[in-house]
Amino acid sequence: QSNSSSDVCDHITFKCPPLGLESLRVKDGQLRASSFKRRGLGPHRGRLNIQSGIEDGDIYDGAWCAQYRDKNQWLEVDARRLTRFTGVILQGRSSIWSWDLVHTYKVQFSNDSLVWTPCMNGTQEAIFEGNQYTETPVLALFNTSTVARYIRINPQTWYQNGTEGDICLRAEVLGCALPDPNNIYAWQTEPTESRDKLDFRHHNYKEMRKLMKSVNEECPDITRIYSIGKSYMGLKLYVMEISDNPGKHELGEPEFRYVAGMHGNEVLGRELLLNLMQYMCQEYKRGDQRIVRLIKETRIHLLPSMNPDGYEMAYKKGSELAGWALGRYSYEGIDMNHNFADLNSVMWNAIELETDRSKLINHYFPIPEQYTSEDAFVASETRAVINWMQNIPFVLSANLHGGELVVTYPFDMTRDWAPREHTPTADESFFRWLATAYASTNQVTLPPTDRRPCHNKDFLRHNNIINGADWHNVPGSMNDFSYLHTNCFEVTVELSCDKFPHASELPIEWENNRESLLVYMEQVHRGIKGVVRDKDTEAGIADAIIKVDDIDHHIRSVADGDYWRLAEGYFPSSRTCQVMYDHYPTICDFRLTKMPKQRLKDILAKGGKLPKDLQLRLRQLRLRKLRVTTKAINQRRAAAAKRAKRV
């Protein structure tokens, strides 16, 4: 028999967890099948939510498909130890071109893979309901749990499609591993816990708010909770600020942000940020010098849920039953990762049309008017994040996603709308550094690794980093917008193959990502920093442009003069500042002298007298102008005389 999904969350949360076909805890070698059509449809592809490539027929197809169409076909899972099996979740084939799914199936168990016992429903062999739609996961719970090592899923009926319908499925198996008497040493067992005492569970909106409040109460001197706006359904977008001086931008202290939950069903980032704020509070109180230094030298902002409406939809279904897309979009159906202003096209169009390259800008591109209008199809959540970006001078950011294991860096959009094409920024090398800083310290990707690709692309060949546009074209991404509209460099971190991992996997996911989260934040202190000041008044100069030789992308100083722009009315200044590979920035301050014209305006506006140095400078400028004017007049006279002579 099969159970409805209305009480699924309780079953999955409080009964046995998934074995890990989706999360890859179950290895390819643990999956066998009676037959398969080809390698790309082998048993290793029969994993819940696995995604196919664009083309059918490659090695990355979207299900296990049997070679034969009869009731003797099966997919087998070896749990590698005695396990109390409690249920199965089934899906059809992931494919753009084919529609294949199993309508009903039987289940058998074995301890040796030779003798099989059927799952019973009273005195008859149980038949379980499968799928009517390829993407909707369907849960079947067994009347009674069964202890065994092996389990087989045996399709009985399937979508025939005339005579073309194949037996295809993706699956997850629920089961509780029993203690193994042969594993007497702890190192023989894969770790499932974390050494940190954190709240490892999925938090809905109310629980998230409650946890953030508890962290703030535990560490009131270094934390502050604020909201940057509301979702379409009125849920506040809460941010946790962590700093030694919360609520204030300190001169020379960089601003850092993590954003999670842009796609509401990609939930691991949300839980990692909640874990991170707990961890930093605890370690700060404990006196961990690494955390103390990070908090004292950085203003950190954590937005755990950019799309709370989408999350609530996915959360109500449960970790294994939300499918691949439920909750991804905003309540209005907007994909926020395509919802930011497309400034890439603005930049590339200007490059093509402008013949005078000196007139081109390469940073701080203004947002097109049509995008800012009230009628524009822009999510309220996107508008809130843009305002946040404009109000706080962020230096570095990461956008946490799920469904893959890779770090992507800008540009995310291809220049000519190609499906995929390497499209680098002027800061390609540093973006690769940033992406590598996260990817190379993640426990999942550390060698030696026998990890297989999540879905349909092998990012291991790229050291788990890739230019976003070289993966797939994403116009209107937050990463590209951040780079072109603000001073902030941002990458996307795809955290896990499973978009909505089971709660039992959260401790080990925290262990996998803790060091990466900290190392990436520390990168905000690389490079050069400084303050641009007025040489006479020592006041900070806002909007001064900072240019780095051979990098065609400038940044600007902010309100107090920390980096930067050579503002109008000042003589340009340059310095050589050598950037090393240290974990702290090179200090590179500037003191700019106002041009006489600007200085004269300021003095006369205040009714003051001109100092002698300015009188001398103005006299020099007048003499230079007079010499230039006299020279020009003489040149024109000579030219006129030459023409008259020819006539």
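Reading guide: rules and limits
Residues numbered from 1 in each chain as written. Predicted model: local features only at pLDDT ≥ 70, side-chain atom pairs only at ≥ 80, totals over all residues. Heavy atoms only, no water. UniProt positions renumbered as here; feature names shortened; annotations may be inferred. Helix = DSSP H or I, 4+ residues; strand = E, 2+ residues; numbered from the N terminus. Contact = heavy atoms within 4.5 Å. Polar contact = N/O pair within 3.5 Å; in protein donor to acceptor, adjacent residues only side chain to side chain. Axes fitted to C-alpha atoms, helices over the stretch in contact; angles between N-to-C directions. Parallel < 35°, antiparallel > 145°, perpendicular 65-115°, else oblique. Nonpolar A, V, L, I, M, F, W, Y, C, P; charged D, E, K, R; others polar. Buried < 20%, exposed > 50% of the residue type's maximum accessible area, 1.4 Å probe, protein only. Pairing = 2+ DSSP bridges. Core = buried A, V, L, I, M, F, W, Y, C linked by side-chain atoms within 4.5 Å. Patch = residues over 30% accessible without salt bridge, like charges linked within 9 Å, V, L, I, M, F, W, Y side chains within 5 Å. Areas by Shrake-Rupley, 256 points an atom, 1.4 Å probe, with all protein chains shown as cover. Salt bridge = Lys/Arg side-chain N within 4 Å of Asp/Glu carboxyl O. Lys, Arg positive; Asp, Glu negative; His and termini not counted. Charge placed at Lys NZ, Arg CZ, Asp CG, Glu CD. Disulfide = S-S within 2.5 Å. Phe/Tyr/Trp six-rings, centres within 6.5 Å; stacked < 30°, edge-to-face > 60°. Lys NZ or Arg CZ within 6 Å of the ring centre and 35° of its normal.

(A) Main features of the UniProt feature "active site" (unreviewed entry) in the chain. According to UniProt, the feature "active site" (unreviewed entry) maps to Glu494 in the numbering used here. Inspection of the secondary structure assignment puts Glu494 in strand S18 (residues 489–494). Apart from the residues within four sequence positions on either side, Glu494 is in contact with His401, Gly402, Gly403, Glu404, Leu405, Val406 and Trp471. In terms of polar contacts, Glu494 uses its side chain to reach the backbone amide nitrogen of Gly402, at 3.3 Å.

(B) Spatial organisation of the environment of Asp560. Among the secondary structure elements, Asp560 is positioned in the loop between strand S22 (551–556) and strand S23 (586–587). Sequence spacing of Asp560 and Glu250 is 310 residues, and the spatial spacing of their C-alpha atoms is 9.0 Å. Not counting residues within four places of it along the chain, the set of residues in contact with Asp560 comprises His249, Leu251, Val531 and Gly540.

(C) Structural context of the packing of helix H3 (residues 268–286) against helix H4 (residues 289–297). Between H3 and H4, whose axes approach to 8 Å, the crossing angle comes to 110°. The pairing of H3 with H4 is recorded here as roughly perpendicular in orientation. On H4, the residues touching Tyr279, Met280, Glu283 and Tyr284 of H3 are Ile291, Val292, Leu294, Ile295 and Lys296. Broken down by class, the residue content of the contact of H3 with H4 amounts to 7 nonpolar, no polar and 2 charged.

(D) Representation of the pairing of strand S13 (residues 255–260) within the structure. Buried residues dominate S13, accounting for 6 of its 6 residues. On S13, burial covers both faces: Glu255, Arg257 and Val259 on one face and Phe256, Tyr258 and Ala260 on the other are all buried. Here 5 bridges tie S13 to strand S14 (residues 299–303), and the two strands are oriented parallel to one another. Residue pairing in the sheet places Glu255 in a bridge with Arg299 of S14. Strand direction decides the pairing type here: S13 and strand S15 (residues 394–401), joined by 6 bridges, are parallel. Bridge pairing in S15 links Ala260 to Leu400.

(E) How the structure looks around the nonpolar core. Core analysis: the largest hydrophobic core is formed by 85 residues, its most contacted members being Tyr258, Met280, Phe340 and Trp388. When residues in this core are grouped by element, the largest group, 9 residues, is from H3. Beyond its immediate chain neighbours, meaning those up to four positions away, Tyr258 contacts Leu273, Leu276, His301, Leu302, Leu303, Ala398, Leu400, Tyr438, Ser516, Leu517, Tyr520 and Met521. Counting 30 residues, the second-largest nonpolar core is a separate cluster that includes Val77, Val88, Tyr105 and Cys119.

(F) Summary view of the environment of Glu354. You can see Glu354 is positioned in the loop between helix H6 (343–353) and helix H7 (369–372). What Glu354 contacts, discounting residues up to four positions off in sequence, is Lys359 and Leu360.

(G) Structural view of the sheet that holds strand S17 (residues 465–467). Across the sheet, which stays open at both edges, the 8 strands sit in the order S11-S12-S14-S13-S15-S18-S16-S17 with mixed pairing between neighbours. Every interior strand has two partners, whereas the edge strands, strand S11 (223–230) and S17, have only one. Averaged over neighbouring strand pairs, the angle between their axes works out to 20° when direction is ignored. The sheet contact formed by strand S16 (residues 406–409) and S17 spans 3 bridges and is parallel. From the neighbouring strand, Val407 faces S17, where its bridge partner is Ile465. Relative to the sheet, helix H11 (residues 478–485) contacts S13, S15, S16 and S18, its axis offset from that of S18 by approximately 170°.

(H) Looking closely at a positive patch on the surface. A cluster of like positive charges, contributed by Lys206, Arg209, Lys230 and Lys236, occupies part of the molecular surface. In this fold, Lys206 is placed in helix H2 (residues 205–218).

(I) Layout of the pattern of salt bridges. Taken as a whole and judged by the stated rule, the model has 30 salt bridges. Here Glu266 ties to Arg328 by a salt bridge, and the two come within 3.6 Å at their closest N and O atoms. Of this pair, Glu266 sits in the loop between S13 and H3 while Arg328 sits in the loop between helix H5 (308–317) and H6; the two residues are 62 residues apart in sequence, bridging distant segments of the chain. When sorted by exposure, Glu266 lands in the same class as Arg328, which is buried. Here the salt bridges share partners, and the residues they tie into one network are Arg38, Asp61, Arg93 and Asp100.

(J) Spotlight on the state of the cysteines. In total, this model carries 4 disulfides according to the counting rule given. The disulfide partner of Cys16 is Cys176, and the S-S distance across this bridge is 1.8 Å. Here the S-S torsion is close to -110°, and the disulfide linking Cys16 with Cys176 is therefore left-handed. With Cys16 in the loop between helix H1 (8–14) and strand S1 (31–33) and Cys176 in strand S10 (residues 168–177), the pair connects residues that are 160 residues apart, well separated along the chain.

(K) How the structure looks around the packing of aromatic side chains. Inspection of the entire model under this criterion finds 23 aromatic pairs. Arranged with centres 5.1 Å apart and planes meeting at 80°, the rings of Phe459 and Trp471 form a pair that is edge-to-face. Separated by 12 residues along the polypeptide, Phe459 in the loop between helix H9 (428–439) and S17 and Trp471 in helix H10 (residues 468–471) bring together distant segments of the chain. Each member of the pair, Phe459 as well as Trp471, carries the same accessibility label: buried. A network of ring pairs unites the aromatic residues Trp348, Phe411, Phe430, Phe431, Tyr483 and Phe489 as a single cluster. Above the plane of the ring of Phe394 lies Arg257, whose end atom (NZ or CZ) is 4.8 Å from the centre. The ring of Tyr311 is capped by Arg270, whose NZ or CZ atom sits 3.5 Å from the centre of that ring.

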